[in-house]
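If you want the building blocks of each chain, they are given just below.
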Amino acid sequence: MRGALARIATAVTAMVALSFVVPLGLLVGQMAHDRALSAAAQQAASLEPVLTVTAAPASLADAVGSTPAGAAGRLALHPAQGPAIGSAHASDADVGRARALRRAFTAAAAGGTVLLTPALLDSDRVAVIEVYVPDAELNRGVARSRTILGLVAVALVLVSVAMADRLAVRVVKAADGLANAVTRVGDGDLEARVAPGGPPELRAAGTAFNRMADRLVRLLEAERESAADLSHRLRTPLTALRVNLNGLAANPADPARMAHSQDALSRLEETVDEIIATARRPAAERPSCDAAAVVRRRMEFWSALAADQGRDCEVLVPDGAVRVPVGEDELVAAVDALLGNVFRHTRQRTALSVTLHQGRYSTGLLVGDAGPGIPDAEAALRRGASGTGSTGLGLDIARRLAESTGGSLKIGEAALGGAQIELWLRTESRPPSRRAARRPRRRARKQRARE
């Protein structure tokens, strides 16, 4: 790329330089020629007053010798009668032509040019003043001026090539950095990032690559967390199946145990089918469900368990449908995980509350209890493993579900005095404020000012 840009800059600048160097070179030569002939005309004009005063050959010879051209042997006077006075270089034919035309003109001579200027003495007599201009005088300073013009043209080409190379270095450096980062990511180094640089297009490509790499890391983390979630989702049916099988081993003829085993096996099969269907679902397909119906249905199960343990359970759910952009199976898993944490990490007879709040841009599921709470909420969200209070793997399940919609998972203090887990699902994109809308334009203006 650097070589190509250098060649392009050389060709373009050379064409531009030639477009003004050649005309300037010709103009310099013409100016030197005109300057020499103008000086010769002044020399000839200085003799005309003498011709009007005297016609004596001696006086005319002294006048010719007193001029610089005459002293240098380049001026001659052809009187109306008699031989030429001074150093003549023009032919007789050219002199006769000047007398006949009675106007000044130039004619070629050996090694230069002669300027023939007729001087009218009276109506019949015409004298001719001849000034010889050698070729060296006609071209004096032309070679030097043309050399300077050529050097200027070469300097322009070199400067343009240097500037093009500097631009190419920026482009190549940014492109090489982007290519190296892509190669490292392709080789498995997911920490590879690029520092956006170079022209705006490459900076945008670098920023897009960094976003893509971050997205890839998040997707891989989500895959690992989904794999870890499999054991959590399969734990309940497998435990029930194991208990029933142990009972059948002790009493094979127990019909209740057999029915429970069949039910546990069916639930295990349904869970596996749900996991496979979720894995095969296209990424562009966005499922949805009625969160109110899901919470009511799951609370029928958990309310019975709460009654067995002597827990007061308060449920606040809107009467109508509450649509959320997640699958029903995923929401069921999140609700069961959060409520399971409450039952697992708080003592019996500990009250709990479940509230489904429908907002303008998001829907929140708030699960609170009257337990000891969570001392360090931030650590609990970072840990993602079982610990004290109401934390555990259920937080990871709920957090991933919230983040898949652009929402969030928060830990606060419940009205009952214990921990409150808030699962917020984004249901509609919030329009940007006027200040936020103006911010990208200000950044663009600042970037253009820096460039």
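Predicted model only: the values in this text are computed from it and were never measured.

Chemist: What should I look at first to understand the UniProt feature "transmembrane region" (unreviewed entry) in the protein in this one?
Modeler: Feature annotation in UniProt assigns "transmembrane region" (unreviewed entry) to the following positions: residues 6–28 and 147–164. As annotated, residues 6–28 comprises 100% helix and 0% strand, and the C-alpha atoms at either end are separated by 31 Å. As annotated, residues 147–164 has a helix share of 100% and a strand share of 0%, and its two end C-alpha atoms lie 26 Å apart.

Chemist: Please explain the confidence of the model for the protein as it appears in this structure.
Modeler: As a general rule, the predicted coordinates of low-pLDDT regions are not to be interpreted in detail. Looking at the protein, pLDDT values average 81 and 78% of them are 70 or higher. Long-range and interchain partners of residues 383–391, a stretch whose pLDDT sits below 50, account for 22 contacts in this model, where long-range means more than four residues apart.

Chemist: Please clarify how the nonpolar core should be interpreted in this entry.
Modeler: When a protein is soluble and globular, its nonpolar side chains tend to lie buried together. Counting residues in hydrophobic clusters, the biggest one holds 37 residues, and the most contacted among them are Leu331, Leu339, Leu356, Leu365, Leu423 and Leu425. Elements with a contribution of two residues or more to this core: α10 (291–308), α11 (328–345), β9 (352–358), β10 (362–369), α13 (393–404), β11 (408–413) and β12 (419–426). For this core, the element with the highest residue contribution is α11, accounting for eight residues. If sequence neighbours within four positions are ignored, leucine 331 has contacts with Cys289, Ala291, Val294, Val324, Val326, Leu401 and Leu425.

Chemist: Honestly, the sheet that holds β10 in this entry has me stumped. Any pointers?
Modeler: The strands making up a sheet are joined through hydrogen bonds of the backbone, oriented either antiparallel or parallel. Read across the sheet, five strands follow the order β7-β9-β10-β12-β11 without closing on themselves; strand pairing throughout is mixed. Of all the strands in the sheet, the pair left with one neighbour each is β7 (313–316) and β11. For this sheet the average axis-to-axis angle between neighbouring strands, irrespective of direction, equals 15 degrees. As defined by bridge partners, β11 adjoins β12 across six bridges and the pair is classed as antiparallel. Residue pairing for β12: leucine 409 is matched across the bridge by leucine 423.

Chemist: For this particular structure, what's the right way to read the sheet that holds strand β2 (residues 85–86)?
Modeler: Strand order in this open sheet of five strands is β2-β1-β5-β4-β3, and the pairing throughout is antiparallel. One side of each edge strand has no neighbouring strand; the edge strands of this open sheet are β2 and β3 (105–109). Note that strand β1 (residues 75–78) and strand β5 (residues 126–134) share four bridges and pair antiparallel. Directly across from leucine 77, in β5, lies its bridge partner isoleucine 129. Its contacts with the sheet place helix α1 (residues 2–45) against β1, β3, β4 (112–120) and β5, and it is angled at close to 145 degrees to β5.

Thresholds, definitions, all that
Residues numbered from 1 in each chain as written. Predicted model: local features only at pLDDT ≥ 70, side-chain atom pairs only at ≥ 80, totals over all residues. Heavy atoms only, no water. UniProt positions renumbered as here; feature names shortened; annotations may be inferred. Helix = DSSP H or I, 4+ residues; strand = E, 2+ residues; numbered from the N terminus. pLDDT = per-residue confidence, 0-100. Contact = heavy atoms within 4.5 Å. Core = buried A, V, L, I, M, F, W, Y, C linked by side-chain atoms within 4.5 Å. Buried < 20%, exposed > 50% of the residue type's maximum accessible area, 1.4 Å probe, protein only. Pairing = 2+ DSSP bridges. Axes fitted to C-alpha atoms, helices over the stretch in contact; angles between N-to-C directions.

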